[in-house]
Amino acid sequence: MEFEWDENKNVSNRLDHKVGFEFAQHFLWDAAIIEPDNRRDYREERFVARGLATEALGYYVAFTMRGNMLRVIAMRRFRRKD
């Protein structure tokens, strides 16, 4: 799977959540729970994934598909309310 993201958003996400989007490459996508993100109209189909990464910690990833590219929108560690 190939990944892309906005580098400015990646820097912001790293400051806010202490994880960079490049870490999505270590997310265990095959075992994740993936659902549509219908909280609002984003003008594109978005998804949220909840699952583990290779170090066995839980993560939440917001993303969209653009062709064969998975575009990371946000990534952070699980919170209790997730």
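Provided above is the structure to which this section pertains.
Now for a quick tour of the structure. Nothing here was measured: the structure is a model prediction, and the numbers come from that model.

Judged by nonpolar contacts, the single largest core of 17 residues is most densely connected at Phe 27, Trp 29, Val 61 and Met 75. Where this core is concerned, the elements lending two or more residues are strand E3 (46–52), strand E4 (58–66) and strand E5 (69–77). Ignoring sequence-local partners within four residues, the contact set of Phe 27 consists of Ala 32, Ala 49, Arg 50, Gly 51, Leu 52, Ala 53, Tyr 59, Val 61 and Met 75.

Looking now at the layout of surface pockets. In this structure, the largest pocket occupies an estimated 290 Å³ of space. What lines the largest pocket is a set of 17 residues, among which Lys 9, Arg 39, Tyr 60, Ala 62 and Ala 74 lie closest to the centre. Breaking the lining of the largest pocket down by element, the ones donating at least two residues are helix H1 (7–17), E4 and E5. Residues belonging to the lining of the largest pocket are distributed by class as follows: six nonpolar, three polar and eight charged.

Attention now moves to the packing of aromatic side chains. This model, assessed by the stated rule, comprises six aromatic pairs. Relative to Phe 21, the ring of Trp 5 has its centre 6.4 Å away and its plane inclined at 75°; by these criteria the two rings are edge-to-face. Linking Trp 5 in the loop between strand E1 (2–4) and H1 with Phe 21 in the loop between H1 and strand E2 (33–36), this pair joins segments that are 16 residues apart in sequence. The buried category is assigned to Phe 21, whose relative accessible area is 0%. Relative to Trp 29, the ring of Phe 27 lies with its centre 4.7 Å away and its plane at 70°, an arrangement referred to as edge-to-face. Since its relative accessible area comes to 3%, Phe 27 is described here as buried.

Cut-offs and rules
- Residues numbered from 1 in each chain as written.
- Predicted model: local features only at pLDDT ≥ 70, side-chain atom pairs only at ≥ 80, totals over all residues.
- Heavy atoms only, no water.
- Core = buried A, V, L, I, M, F, W, Y, C linked by side-chain atoms within 4.5 Å.
- Buried < 20%, exposed > 50% of the residue type's maximum accessible area, 1.4 Å probe, protein only.
- Helix = DSSP H or I, 4+ residues; strand = E, 2+ residues; numbered from the N terminus.
- Contact = heavy atoms within 4.5 Å.
- 1 Å grid on protein atoms, 1.4 Å probe; cavity = no way out; pocket = protein on both sides within 12 Å on 5 of 7 lines; lining within 4 Å.
- Points joined across faces, edges and corners; volume = space filled by probe spheres on them.
- Nonpolar A, V, L, I, M, F, W, Y, C, P; charged D, E, K, R; others polar.
- Phe/Tyr/Trp six-rings, centres within 6.5 Å; stacked < 30°, edge-to-face > 60°.

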